[in-house]
Structure formats: C-alpha cells, structure tokens
Amino acid sequence: MSVHDPIADALTVIRNGCRAKKENVTIPFSTKMENILAILKKEGYINDFSKVEVKNKNFFRIEIDLKYYEGNSVIEGIQRVSTPGLRVYTSVDSIPQVKNGFGISVISTSKGVMTDKQARKENVGGEVLCYVW
C-alpha cells in the first residue's frame, strides 16, 4: 500500500533546490503548504513565494524563491516530523525546540499553522509538521 505525503515531497524539493543552489523551485499547490511557506518567509528562510496557474490546466503550483547568504543557503536543514503513517502530536508543555532555539518547528494547531514560539505564546499544542534550521 502506497501512502502519498505532499508535505514531505514539497520539503524534499526545497531541500534539493537549496543543495543544488537553485534560485527558485516549484511545488504543487496546497493550502497547508502555503501556510508553511508563509511562516518560512516571515522567519526569513525564503525570499518569497507565489501561486502560479499552470497554462491550459485547471490547477496551481507554488513558485518559491530560495534565499542565500554569502553563497550558502539560509536553510541548512529541513525535516518532516509527522507523517501519514506516524502522526506526532505535542502538548504546549512539551513543544520541541530546534537547535536550542536557532531553528523553528512548524506546528499545525487548532488556531492554524504556526511556529513553536507562537504556539507557546498562544498556549496551544498540535501536530508537529516539520523542523527548519
């Protein structure tokens, strides 16, 4: 039985694009991925992203402008935590810190997708989607 994980696929495209020093990469559109990218942009890990309609088709893609500093990618690592086969949930008391606070964990909560710092501030837990550092 094959399980499809579009978030893991998108994170892999971003990771590979950073390693290959690409200026931008494209991934299939999803609202959850759009929310994750908004967090990455706000935290300074990517320059920008935009929703692009595919010509002569009825679907959209997201084009991501990757960010570099002195020739190195700002994203050193990006890792999927919760998968369709093993969901990882956390309470507000046990929200993980990434690289002792130098990275972020992206959490899907009842109040929307947010970083670990925002989740502690809002006093909510949820599903840990990914780590970025």
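Scoring rules and cut-offs
Residues numbered from 1 in each chain as written. Predicted model: local features only at pLDDT ≥ 70, side-chain atom pairs only at ≥ 80, totals over all residues. Heavy atoms only, no water. Helix = DSSP H or I, 4+ residues; strand = E, 2+ residues; numbered from the N terminus. Rg over C-alpha atoms; globule rule 2.2 N^0.38 Å. Buried < 20%, exposed > 50% of the residue type's maximum accessible area, 1.4 Å probe, protein only. Contact = heavy atoms within 4.5 Å. Lys, Arg positive; Asp, Glu negative; His and termini not counted. Charge placed at Lys NZ, Arg CZ, Asp CG, Glu CD. Pairing = 2+ DSSP bridges. Axes fitted to C-alpha atoms, helices over the stretch in contact; angles between N-to-C directions. Phe/Tyr/Trp six-rings, centres within 6.5 Å; stacked < 30°, edge-to-face > 60°. Lys NZ or Arg CZ within 6 Å of the ring centre and 35° of its normal. Salt bridge = Lys/Arg side-chain N within 4 Å of Asp/Glu carboxyl O.

The number of helices and strands found in the chain is three helices and 10 strands. When the helices and strands of the chain are read in sequence order from the N terminus, they spell out α-β-α-β-β-β-β-β-β-β-β-α-β. On C-alpha atoms alone, the chain measures out to a radius of gyration of 15 Å, which is about the 14 Å that the 2.2 N^0.38 rule sets for 133 residues. Expressed along its principal axes, the backbone C-alpha trace of the chain runs to roughly 45 × 40 × 30 Å. For the chain, the residues scored as buried account for 38% of the 133 residues in total. Counted over contacts in the chain with a minimum sequence separation of 6, partners at least 24 positions apart contribute 60%. The chain carries 19 positive and 15 negative side-chain charges, and their two centres are separated by 2 Å.

Attention now moves to the sheet that holds strand 3 (residues 60-66). The three strands are arranged 1-3-2 in an open sheet whose pairing can be described as antiparallel. Strand pairing shows two members of the sheet lacking a second neighbour, strand 1 (24-28) and strand 2 (46-53), which therefore form its edges. Neighbour to neighbour, the strand axes of the sheet diverge by 25° on average, direction disregarded. In this structure, strand 1 lies alongside strand 3, joined through five bridges in antiparallel fashion. Bridge pairing in strand 3 links V25 to I64. The sheet strands contacting helix 1 (residues 6-19) are strand 1 and strand 3, and the helix crosses strand 1 at an angle near 170°. Together, strand 1, strand 2 and strand 3 form the strand contacts of helix 2 (residues 31-42), whose direction differs from that of strand 2 by roughly 155°.

Right, let's get into the packing of aromatic side chains. Across all of its chains, the model carries one aromatic pair by this definition. The cationic tip of K51 hangs over the ring face of F29; the distance from NZ or CZ to the ring centre is 4.4 Å. Looking at K51, its charged tip hangs above the ring of F60, at a distance of 4.4 Å from the centre.

Take the pattern of salt bridges next. Counted according to the given criterion, the structure contains five salt bridges. Among the ionic pairs, K41 bridges to D48, the shortest N-O distance being 2.9 Å. For K41, a relative accessible area of 38% gives the class partly exposed. Note that R120 is salt-bridged to D116, the shortest N-O span being 3.8 Å. One end of the pair, R120, and the other, D116, are both in helix 3 (residues 116-122), four residues apart, so they sit about a helical turn from each other. What makes D116 buried here is its relative accessible area of 2%.

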